[in-house]
Amino acid sequence: MSQLDKNIAAQSDDYFAVVDANDTVIDRQCRSYVHKNGLLHRAVHAIVIGNGGRILAQMRSKYKDRAPLCYTTSSSGHVDYGETYEEALVRETKEELGIDTELSDYIYIGKLNACKQTDMEFVKVYVLRHNGPFVFPPAEIDSLDWYTKAEIERLMAAKPEKFSGAFVYVYKYFAEICKKNSNLRLKLEDFLNMGQIS
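In this text, all values refer to a predicted model and were calculated from it rather than measured experimentally.

Trainee: Report on the overall build of the protein chain, specifying residues and quantitative values.
Mentor: When its secondary structure is counted, the protein chain shows six helices and nine strands. Relative to all contacts within the protein chain whose residues are 6 or more apart in sequence, the contacts with residues 24 or more apart total 60%. As displayed, the protein chain has an accessible area near 10,000 Å², and 49% of this comes from carbon and sulfur atoms.

What follows is the structure in structure tokens.
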């Protein structure tokens, strides 16, 4: 079996932390069982922003069992059993983008409750400033593409089928938080050393 085949097969072997409606861990189940039965679980999403306020969008691999060949956030993934959101964030960024980070490198945006749009995941959302270079696993990712905020919003409007449901939900949440929370917006602008986030 090739390494690519092993990586693809490994997708079904992960064990997730199953949680209740209050996001308290109550069980441990494999990926396929969790998804098949619509169990509540956890995930993290990182929005990577580079020079000029460009947003890094990840095109999911054709081998993915959910939303293949669709754009999602720069880095995202499930929280494994026995792992915290924060540990999963750093791990997923390393696995998907090939970069070493620490929790202090991120700004925490907020938390989404589990719902149909998040695929029954409680989601913590973060922002990371980074310009690469990035190294990604082909079993997980088809490409990494930079877009301005205006470009990505035009593309979402014109071709919504190119984006995973989770990406659209997380991105809109991020944009709304930035719009409503002036303190967070100013903090982000300073953190990213970029122009105004509108």
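On we go from here.
Trainee: Describe a nonpolar patch on the surface, naming the residues involved and giving the relevant values.
Mentor: A cluster of nonpolar residues, Tyr15, Val25 and Tyr81, forms a patch on the protein surface that exposes about 280 Å² of accessible area. Relative to the assigned elements, Val25 resides in strand E2 (residues 25-30). When its relative accessible area of 37% is taken as the criterion, Val25 is described as partly exposed.

Trainee: Break down the side chain of His78 for me, with residues and values.
Mentor: Within the fold, His78 resides in strand E6 (residues 75-78). A distance of 2.9 Å separates polar atoms of two side chains, one belonging to His78 and the other to Glu121. Excluding its chain neighbours within four sequence positions, the residues that come into contact with His78 are Phe16, Arg31, His35, His41, Arg42, Ala43, Glu83, Ala88, Arg91, Glu92 and Glu121.

Trainee: Can you break down unusual backbone geometry residue by residue, with the values?
Mentor: If a residue is not glycine, its phi is most likely negative; likewise, a peptide bond is most likely trans. In this chain, Gly132 is followed by Pro133 through a cis amide linkage whose omega measures 5 degrees. Within the secondary structure, Pro133 sits in the loop between strand E8 (121-129) and strand E9 (141-147). Of note in the backbone geometry, Asp23 takes a positive phi value of approximately 65 degrees without being a glycine. Inspection of the secondary structure assignment puts Asp23 in the loop between strand E1 (15-19) and E2. A residue is classified by how much of its surface remains accessible, and Asp23, at 7% relative accessible area, is buried.

Trainee: Just give me the short version of the environment of Ile49, but keep the residues and values in it.
Mentor: Inspection of the secondary structure puts Ile49 in strand E3 (residues 41-49). Classification of Ile49 by relative accessible area gives buried; the value is 3%. The spatial distance from the C-alpha of Ile49 to the C-alpha of Arg129 is 5.0 Å, given a sequence separation of 80 residues.

Trainee: Describe the nonpolar core, and please don't skip the residues or the numbers.
Mentor: Generally speaking, soluble globular proteins have nonpolar side chains that are buried together. Of all hydrophobic cores here, the largest spans 25 residues; its most connected members are Ile47, Ile109, Val125, Ile152 and Phe174. Listed by contribution, the elements that provide at least two residues to this core are E3, strand E4 (55-60), strand E7 (106-112), E8, helix H4 (149-158) and helix H5 (165-180). Tallying contributions element by element places H5 first for this core, with six residues. Beyond its immediate sequence surroundings of up to four residues, Ile47 is in contact with Ile55, Thr73, Ser74, Val125, Tyr126, Val127, Leu128, Val170 and Phe174. Of all hydrophobic cores here, the second largest spans 19 residues; its members include Ala88, Leu89, Tyr126 and Phe134.

Reading guide: rules and limits
- Each chain carries its own residue numbering, running from 1 in the written order of its sequence.
- Two thresholds apply to this predicted model, a pLDDT of at least 70 for residue-level local features and 80 or more for giving and counting side-chain atom pairs, whereas whole-chain, interface and lining totals are computed over all residues.
- As a convention, hydrogens and water are excluded, and side-chain values are obtained from all of the structure's heavy atoms.
- Secondary structure elements follow DSSP: runs of H or I of four or more residues count as helices, runs of E of two or more count as strands, with numbering from the N terminus.
- Contacts were defined at the residue level, with two residues in contact if any of their heavy atoms lie within 4.5 Å.
- All accessible areas in this document rest on Shrake-Rupley with a 1.4 Å probe, and a residue is counted as covered only by the protein chains that are shown.
- A patch consists of residues whose relative accessible area exceeds 30% and which take part in no salt bridge; residues with like charges are grouped when within 9 Å of each other, and nonpolar side chains (Val, Leu, Ile, Met, Phe, Trp, Tyr) when within 5 Å.
- Put simply, a salt bridge is a Lys or Arg side-chain nitrogen that is within 4 Å of an Asp or Glu carboxyl oxygen.
- Think of it in three bands: with a 1.4 Å probe and only protein chains considered, a residue is buried below 20% of the maximum accessible area for its type, exposed above 50%, and partly exposed in between.
- Counted as a polar contact is a pair of N or O atoms within 3.5 Å, where, for protein atoms, one must be capable of donating a hydrogen and the other of accepting one, and residues adjacent in sequence contribute only when both atoms are in side chains.
- Definition used in this section: a nonpolar core is a set of buried Ala, Val, Leu, Ile, Met, Phe, Trp, Tyr and Cys residues joined via side-chain atoms within 4.5 Å.

Such coordinate-based values are descriptive only and should not be taken to indicate function.
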